[in-house]
Structures are given as structure tokens and as C-alpha cells.
Amino acid sequence: MDISVIVPIYNEDESLPELKEWITKVMIENNFSYEIIMVDDGSTDNSWHVIEKMAQEDSHIKGVKFRRNYGKSAALNTGFKNAIGDVVITMDADMQDSPDEIPELYKMITEQKYDVVSGWKKKRYDPISKTVPSKLFNFTARLVTGIKLHDFNCGLKAYRNTVVKSVEVYGEMHRYIPVLAKQAGFKKIGEKVVQHRKRKYGVTKFGIERFINGFLDLLTVSIVSKFGKSPMHFFGLMGTLSFFVGFIILAYLSIAKLFFNGWQMTDRPLFYFGLLTIIFGTQLFLTGFTAELVSRTSADRNTYLIEKTIGYQTT
């Protein structure tokens, strides 16, 4: 199969029929073999009934319904697990991403041999309250990750199938799938300017908190990508350094006490600082040890309660 299109959905019942028709039109015009995986992330509107109806009428439609809202990362992760297309396209359900971009994204993966291609909404139809924080966020993300993308938040992206099978998407890490791909060894990451359209149906599901969460997630992915499999390397190093500093301070005060009897160790603020750094270092070391045990024995974190499926059996 050529393409798997994954569409995370949360209360977008009005846009789904039109989006499906548009994607289908593009696929037929370009003679692509395809599937459209619609993941209902616990919608409270009529989204799942719309998906069921479309799947009954068109075998290309496949659906998954979560029992509750888990977030966009969970929806994408489930879609990734079940995608069988050589190229995997992700796009939002709000009609602000254009399916007309799909053929060029497909060519960039298959012909130009990119592993990941991220959309860049160079011209946006969003209020300044979204565009300014977005620019600041993307600048910081480029600086921290070293990946020169202008729009980490763009939902329209293309991936080689082996990429989506190799990354672990959880929490709110959907913004950083290119970063996770790079950490997994997929180095050819490209960018394409894509059309951004005004929202036609419904209202945005994101507020200013997504930018705050974005910065926190950036810190998380930076640390986890380096130390997630070996947390002792992170906590153990800081703990050892802290313990060593405290040990040196207390050793110095002990020597001073022995040779200068007039000095009282407990009267000096440096004594308490040394004691604090030893305690802090010990706690960090134990935290790293505990995290190491947890990381080696924990079950798969990407387990979501799927209420219904249509079109195929999920794995």
C-alpha cells in the first residue's frame, strides 16, 4: 500500500465527511493505494457515528475509538501501530491542513529519500495570540534540538513507515516526533511549506497552555532522549558530584577542627552547606537507582482503552 493517512479526531463531526471526500479525491487523482485511519480520541459529539457510517460505505476508512480522551499523542501512536502504507501522512481533522499537499509529501519521502518531512505553515490564519508564542516556541525548539524546522506544531507531516514503527510517542510528545526519529537514527529530516487554511467548522481545542506544556515537553524530550533508558547516568552523575563537593567541604572542616581547636564546625554555615550537599547527592543517587529499576521492569506505557474499532482489528 502506498499511503496511510492518520487523522486524530476530537469533536470534529462537522468536518469529517468533507475531509474524507477531499482526501479520497486526491488519492484517486494520483492513483495511490491508501487507507484512512481515523482515531476518535474520546469525542463527546457525533464523530464516531460519522466514522462508522463512512467506513460502512468506503473500505478505505478504518476507525478506532478511545473510551476516553487521551490526547493527540495517544491517537497518533495507535494510528502508527496499525498503519501499513509505505508512507504515513498525519493531518488534523479541522480542515486547516490541505490534502492537496499529500502527493508532494509522498514524493519527498519516496523519491528524495527523506525519513521525515514536516509541514511549515509559513502563512498562518491565526490570531497574534497564537502566532507570537508559536514563533518563540519554535525558535527555542530549534535551539535545543538542533533540528532546523520552522513549525514543530504543524500537524501535517509525512514519515517513512519504518520511522513510525521505531518511535515511541506518549504524553504530549507528538510535537517532537522528528526529534524522536532523529534519536532513533533517522537523520534525513526535511520541511515543506504547506497551505494553512482558516478553520471552517468548530472551534480550536488548544489554548495558551499548550505552549507552556510545549516548553515542558521540550525539556522532557531532551532529557529522556539522552537518559530515558539509563536514568542513572543523569541522576547518578549529579548525585556523585554533589556528594563529592559535600565530602570535600566536611573533610576540610574536620581537618581544621583537628589542627585549630578553637574552631567549632557546627558554628560555621559551611558545615551545613556541606551536610546538605551530601544528603542531596545521596538522594539523587538513590533516585537514579530507583528510576533504573523502574525503567527495566515497567510495562508498556502506551496502553489505551479502545472501546470500538471498525475496518480492521487493532494490535
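The structure under discussion appears in the preceding block.
This one's a predicted model, so the numbers in the text were calculated from it and none came from an experiment.

Trainee: Even after reading the chapter, I still don't get the overall build of the chain, so can you show me in this structure?
Mentor: Check the secondary structure of the chain and you find 10 helices and 8 strands. Among the 315 residues that make up the chain, the fraction classed as buried is 50%. For the chain, the share of sequence-separated contacts (at least 6 apart) that also reach a separation of at least 24 residues comes to 81%. Taken as a whole, the chain presents about 16000 Å² of accessible surface, with 60% of it coming from carbon and sulfur.

Trainee: Would you explain the packing of aromatic side chains in this entry?
Mentor: When we look at a pair of aromatic rings, we describe it by the centre distance and by the angle of the planes. This structure, assessed with the given rule, holds 5 aromatic pairs. Seen from their ring centres, Phe66 and Tyr70 are 5.3 Å apart, and the 90° between their planes marks the pair as edge-to-face. Take Phe66 and Tyr70: they sit in the same class, and that class is buried. Between the NZ or CZ atom of Lys188 and the centre of the ring of Tyr114, over which it lies, the distance is 4.9 Å.

Trainee: Hey, could you run me through the environment of Asp100 in this one?
Mentor: Looking at the element boundaries, Asp100 is found in the loop between β4 (87–90) and α4 (102–110). With relative accessibility at 44%, the residue Asp100 sits in the partly exposed group. For the pair Asp100 and Val26, spaced 74 residues apart in the sequence, the C-alpha separation amounts to 6.4 Å. Those residues in contact with Asp100 that sit more than four places away from it in its chain are Trp22 and Val26. Of note is the side chain of Asp100, whose polar atom sits 3.1 Å from the side chain of Trp22.

Trainee: What should I look at first to understand the nonpolar core in this one?
Mentor: As a rule of thumb, nonpolar side chains are buried together in soluble globular proteins. Of all hydrophobic cores here, the largest spans 37 residues; its most connected members are Ile3, Val5, Val7, Met27 and Ile89. The set of elements that each furnish at least two residues to this core consists of β1 (3–9), α1 (16–29), β2 (34–40), α2 (47–57), β4 and α4. The greatest single-element share of this core, amounting to 6 residues, is contributed by α1. Contact partners of Val5, with chain neighbours within four places excluded, come to Ile23, Met27, Glu35, Ile36, Ile37, Ile89, Met91 and Ile102. Listed in part, the 32 residues of the second largest apolar core include Ile6, Ile147, Tyr176 and Leu180.

Trainee: What exactly am I supposed to notice about helix α3 (residues 72–82) here?
Mentor: Side chains that are three or four residues apart share a direction in an α-helix, a result of its 3.6 residues per turn. The buried fraction of α3 is high, at 10 of 11 residues. For α3, the set of buried residues is Lys72, Ser73, Ala74, Ala75, Leu76, Asn77, Thr78, Gly79, Phe80 and Asn82.

Trainee: Got a minute to help me understand a nonpolar patch on the surface in this structure?
Mentor: On the surface, Phe243, Phe244, Phe247 and Ile248 cluster together into a nonpolar patch covering about 410 Å² of accessible area. Take Phe243: its relative accessible area is 37%, and that puts it in the partly exposed class.

Trainee: What is the right way to look at the pattern of salt bridges in this model?
Mentor: Opposite charge on two side chains lets them pair, provided their charged atoms get close. All chains considered together, the criterion is met by 9 salt bridges. Across the pair Lys62 and Glu35 runs a salt bridge whose closest N-O atoms are separated by 2.8 Å. With Lys62 in strand β3 (residues 61–66) and Glu35 in strand β2, this residue pair connects regions lying 27 residues apart in the sequence. Neither residue differs from the other here; Lys62 and Glu35 are each classed as buried. Via salt bridges that share partners, Lys20, Glu21 and Asp58 belong to a single interconnected network.

Trainee: Help me understand the sheet that holds strand β5 (residues 116–120) in this model?
Mentor: Spatially, 8 strands are ordered β7-β5-β6-β4-β1-β2-β3-β8 in an open sheet, and the strand pairing comes out mixed. The sheet is open, and its two borders are formed by β7 (189–193) and β8 (306–310), each paired with just one other strand. Taken pair by pair, the neighbouring strands of this sheet meet at an average axis angle of 15°, ignoring direction. Looking at chain direction, β4 and strand β6 (residues 157–160) are connected through 4 bridges and run antiparallel.

Trainee: Mind showing me how you'd approach the pairing of β6 here?
Mentor: Along any regular strand the residues' side chains alternate between the sheet's two faces. Where β5 lies against β6, 3 bridges are found, and the strand directions are antiparallel. From the neighbouring strand, Val117 faces β6, where its bridge partner is Ala158.

Trainee: When you look at unusual backbone geometry in this model, what are you seeing that I'm missing?
Mentor: Trans peptide bonds make up most of the peptide bonds, and negative phi angles are found at most residues other than glycine. Here the phi dihedral of Asn31 falls at roughly 55°; this positive angle occurs in a residue that is not glycine. Among the structural elements, Asn31 can be located in the loop between α1 and β2. Of note in the backbone geometry, Met95 takes a positive phi value of approximately 70° without being a glycine. Looking at the element boundaries, Met95 is found in the loop between β4 and α4.

Parameters and conventions
- Residues numbered from 1 in each chain as written.
- Predicted model: local features only at pLDDT ≥ 70, side-chain atom pairs only at ≥ 80, totals over all residues.
- Heavy atoms only, no water.
- Helix = DSSP H or I, 4+ residues; strand = E, 2+ residues; numbered from the N terminus.
- Buried < 20%, exposed > 50% of the residue type's maximum accessible area, 1.4 Å probe, protein only.
- Contact = heavy atoms within 4.5 Å.
- Areas by Shrake-Rupley, 256 points an atom, 1.4 Å probe, with all protein chains shown as cover.
- Phe/Tyr/Trp six-rings, centres within 6.5 Å; stacked < 30°, edge-to-face > 60°.
- Lys NZ or Arg CZ within 6 Å of the ring centre and 35° of its normal.
- Polar contact = N/O pair within 3.5 Å; in protein donor to acceptor, adjacent residues only side chain to side chain.
- Core = buried A, V, L, I, M, F, W, Y, C linked by side-chain atoms within 4.5 Å.
- Patch = residues over 30% accessible without salt bridge, like charges linked within 9 Å, V, L, I, M, F, W, Y side chains within 5 Å.
- Salt bridge = Lys/Arg side-chain N within 4 Å of Asp/Glu carboxyl O.
- Pairing = 2+ DSSP bridges.
- Axes fitted to C-alpha atoms, helices over the stretch in contact; angles between N-to-C directions.

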